[in-house]
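Fold and contact review
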Amino acid sequence: MFKKILIANRGEIAARIHRACRDMGIQTVAVHSTADADAIHVKMANESVCIGDKYPKDSYLNMAAVLSAAEITNAEAIHPGYGFLSENAKFAKMVKEAGFEFIGPNPEHIELMGDKITAIKYVQELGLPTIPGSNGGVDGVEHACRIAEEIGYPVIAKATAGGGGRGMTIAFNEAELRSGFKIAQTEAKNGFGDDTMFVEKFLQKPKHIEIQVLGDKHGNVIHLGERDCSLQRRHQKVVEEAPSAVLSAAQRDELGELCVKACEKMGYIGAGTFEFLFEDDRFYFIEMNTRIQVEHPVTELINGVDLIAEQIKVAYGEELELKGIKLRPRGHSIECRINAEDPKTFMPSPGKVTDYFTPGGLGIRVDSALYPEYTIPVYYDSMVAKLIVHGANREQAIARMKRALEEFVIGGIKTNIPLHRKIMESEEFISGKYSVKDLEDIIKRVK
Ligand code: ADP
């Protein structure tokens, strides 16, 4: 096994990766910016290297600096976490060329799936269902309008390079498409350096269901069931659960098997997630993420599997121990993303954490970047912790989440914990039948 791994990330995911490494007897190297000298991931790691200034482009996104840190510390492998360099094919390639192992898929697969248009075309050939649309890039707004006429409104125009809910616009008629298209295209150009857009049918009340897969270097692929990530604000996930309250075992098996087959054909290595929209009992592929996801813990808790450890073992060349095993969800798991933000205005609320008390007891897990007296810097994402629960069934998991949210104390800053309490009490969440539209309605009601 590897003796030393460099973790090219920060915050809760860097701490999470460190923990998996230590459980496996692996030494860790943290990298950090000047603003993160006191961050939890730096305190936890066995060694740390400052790789640059506070802005991500000068530190966490600086590929040469990350590679130099691996070089001087004699790390053997690099785990990129999520965000930052995790889906950067060029970085994955550089890591390999510099003689380190990249804990993730082959660079070609990162590149293929990083472009939504290419990804959709590719998975269509692999037998996955997709949403009716332009089937490729559109040549400007006139072309987008012609496609919309053909498939019928409402439509969604998306940037092929988009991510994090940016670079997309929904239109219920031609006037809306004309005005929104240009804005989304500019956002894509500025945010991702690529303004290629495509158009697809906009589904009005779908669920967001995603399948977790794992592949090894020996051609074995398994799936670990689905996560329901439909509770979203501005296309960003807020609460996730596994299994989904509305999927039958037969639907899970069928979709999971399709994803496994697709990965087998690709020769996919490592952890990955196929994202689908689910409406009227039909699934439609939207994208694949070629990395560990924020919401991976809910899958871990219902399957009893450490996904980060699996990523590391697979990267080292081990065969999946779980190959050929049909996993069945055990109990139910829910995750609430805790953001340092105003629960009503959603404005970020960085600053000093005064009081800090985490919930505990059976079935409670807190993956957090916080500790008492820690000052949350303004330069990074506002998600500072994840509260994850496991229960024997969905009812127990909800009760446990409500109890844990009552216990959780984060003083000195504003967080979205009050919003999570309302969500757990909402009829939409309790029924389990909520769609990607419902969180916006819950927010309007509790304001
Ligand atoms: P990103 O890469 O920015 O996360 P995705 O393509 O994964 O973008 O979509 C994010 C979210 O946007 C989905 O979970 C869903 O809520 C919404 N969405 C995307 N495509 C559609 C569609 N065709 N119809 C309805 N909602 C959509």
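What this report covers is the structure whose coordinates are included nearby.

1. Considerations on the site of the ligand
Around the ligand sit 22 residues, and of these Lys116, Gly165, His208, Gln232 and Glu287 come closest. Gly164 has a polar backbone atom sitting 3.1 Å from an oxygen atom of the ligand. Between the ligand and Leu203 there is a distance of 2.9 Å, counted from a nitrogen atom to a backbone nitrogen or oxygen. Contact with the protein chains covers 96% of the free accessible surface of the ligand, which is 550 Å². Looking at the shell around the ligand, the elements that each hand over two or more residues are strand E6 (155-159), strand E8 (197-201), strand E12 (270-279) and strand E13 (282-289). Across the shell around the ligand, the residue classes break down as 8 nonpolar, 7 polar and 7 charged. Viewed by domain, the shell around the ligand spans two of them, domain 2 (132-201) and domain 3 (207-446), each represented by three or more residues.

2. Brief notes about the packing of aromatic side chains
Using the criterion set out here, one finds 14 aromatic pairs in the structure. Where Tyr60 meets Phe84, the ring centres are 5.1 Å apart and the plane angle is 25°; that geometry is what we call stacked. Within this pair, whereas Tyr60 is found in the loop between strand E3 (47-52) and helix H3 (63-73), its partner Phe84 is found in the loop between strand E4 (77-79) and helix H4 (89-97), the two being separated by 24 residues in sequence. On the basis of relative accessible area, Tyr60 is assigned to the buried category, the value being 1%.

3. Focus: the layout of surface pockets
One number sums up the size of the second largest pocket: a volume of about 180 Å³. If you go around the second largest pocket, the residues you meet are Val221, Ile222, His223, Asp253, Glu257, Val260, Gly324, Ile325, Lys326, Leu327 and Arg328. Across the lining of the second largest pocket, the residue classes tally to 5 nonpolar, 2 polar and 4 charged.

4. Observations regarding the sheet that holds strand E1 (residues 4-7)
With parallel pairing, the 5 strands of this open sheet are ordered in space as E3-E2-E1-E4-E5. Bordering the open sheet on either side are E3 and strand E5 (101-102), each of which pairs with just one other strand. For E1 and E4, the ladder comprises 3 bridges, and the chain directions are parallel. From the neighbouring strand, Leu6 faces E4, where its bridge partner is Ile78.

5. Here we look at the pattern of salt bridges
Opposite charge on two side chains allows them to pair when their charged atoms are near. A complete count under the given rule lists 34 salt bridges for this structure. Linking Glu295 and Lys237 is a salt bridge whose minimum nitrogen-to-oxygen distance equals 2.9 Å. Of the two residues, Glu295 is situated in the loop between E13 and helix H10 (296-303) and Lys237 in strand E11 (residues 236-242); the sequence distance between them amounts to 58 residues. The same class applies to Glu295 and to Lys237, which are both buried.

6. Focus: the sheet that holds E12
In space, the 8 strands of this open sheet follow the order E13-E12-E9-E10-E11-E14-E19-E17, with antiparallel pairing throughout. If you trace the sheet from one side to the other, it starts and ends with E13 and strand E17 (364-368), each paired once. Sheet twist, expressed as the average angle between the axes of neighbouring strands with direction ignored, equals 25°. Relative to strand E10 (residues 221-233), strand E9 (residues 207-215) is paired through 6 bridges, and the arrangement is antiparallel. Across the sheet, residue Gly215 finds its bridge partner in E10, namely Val221. The strands touched by helix H1 (residues 11-23) within the sheet are E17 and strand E19 (383-391), with E17 carrying the most contacts at an inclination of about 115°. Helix-sheet contacts for helix H15 (residues 438-446) involve E10 and E11, and the interaxial angle to E10 is about 35°.

7. Some words on helix H9 (residues 249-266)
Note on helix geometry: an α-helix contains 3.6 residues per turn, so any two residues three or four positions apart are oriented the same way. Under the 1.5 Å per step criterion, the end-to-end length of H9 is 26 Å for 18 residues, consistent within 8% with the ideal 26 Å. Taken together, the buried positions of H9 are Gln251, Arg252, Asp253, Leu255, Gly256, Cys259, Val260, Ala262, Cys263 and Met266. Each element contacted by the buried residues of H9 is listed here: helix H5 (107-114), helix H6 (116-125), E9, E10, E12 and E13. Immediately downstream of H9, the backbone of Gly267 shows phi near 75°, a positive value.

8. With respect to H1
With 13 residues, H1 ought to run about 18 Å at 1.5 Å a step, and its terminal C-alpha atoms sit 19 Å apart, in line with that. Burial within H1 is extensive, with 10 of its 13 residues counted as buried. If you check which residues of H1 are buried, you get Gly11, Glu12, Ile13, Ala14, Ala15, Arg16, Ile17, His18, Ala20 and Cys21. With its phi angle positive at about 75°, Gly25 sits one or two positions after the end of H1.

9. A short note on the environment of Val246
By the secondary structure assignment, Val246 is in the loop between E11 and H9. For Val246, a relative accessible area of 29% corresponds to the partly exposed category. Spatially, the C-alpha atoms of Val246 and Asp228 are 9.2 Å apart, while their sequence positions differ by 18 residues. Discounting chain neighbours no more than four positions away, the residues touching Val246 are Lys207, Gln251, Phe278, Gly432 and Lys433.

10. Describing the side chain of Thr73
With respect to the secondary-structure elements, Thr73 resides in helix H3. There is a polar contact of 2.6 Å between the side chain of Thr73 and the backbone oxygen of Ala69. In contact with Thr73, not counting residues within four places along its chain, are Lys4, Leu6, Val29, Glu47 and Val49.

What counts, and at which threshold
Residues numbered from 1 in each chain as written. Predicted model: local features only at pLDDT ≥ 70, side-chain atom pairs only at ≥ 80, totals over all residues. Heavy atoms only, no water. Near = heavy atom within 4 Å. Polar contact = N/O pair within 3.5 Å; in protein donor to acceptor, adjacent residues only side chain to side chain. Areas by Shrake-Rupley, 256 points an atom, 1.4 Å probe, with all protein chains shown as cover. Helix = DSSP H or I, 4+ residues; strand = E, 2+ residues; numbered from the N terminus. Nonpolar A, V, L, I, M, F, W, Y, C, P; charged D, E, K, R; others polar. Domains from an automatic or database assignment. Phe/Tyr/Trp six-rings, centres within 6.5 Å; stacked < 30°, edge-to-face > 60°. Buried < 20%, exposed > 50% of the residue type's maximum accessible area, 1.4 Å probe, protein only. 1 Å grid on protein atoms, 1.4 Å probe; cavity = no way out; pocket = protein on both sides within 12 Å on 5 of 7 lines; lining within 4 Å. Points joined across faces, edges and corners; volume = space filled by probe spheres on them. Pairing = 2+ DSSP bridges. Salt bridge = Lys/Arg side-chain N within 4 Å of Asp/Glu carboxyl O. Axes fitted to C-alpha atoms, helices over the stretch in contact; angles between N-to-C directions. Contact = heavy atoms within 4.5 Å. Expected span 1.5 Å × (residues − 1).

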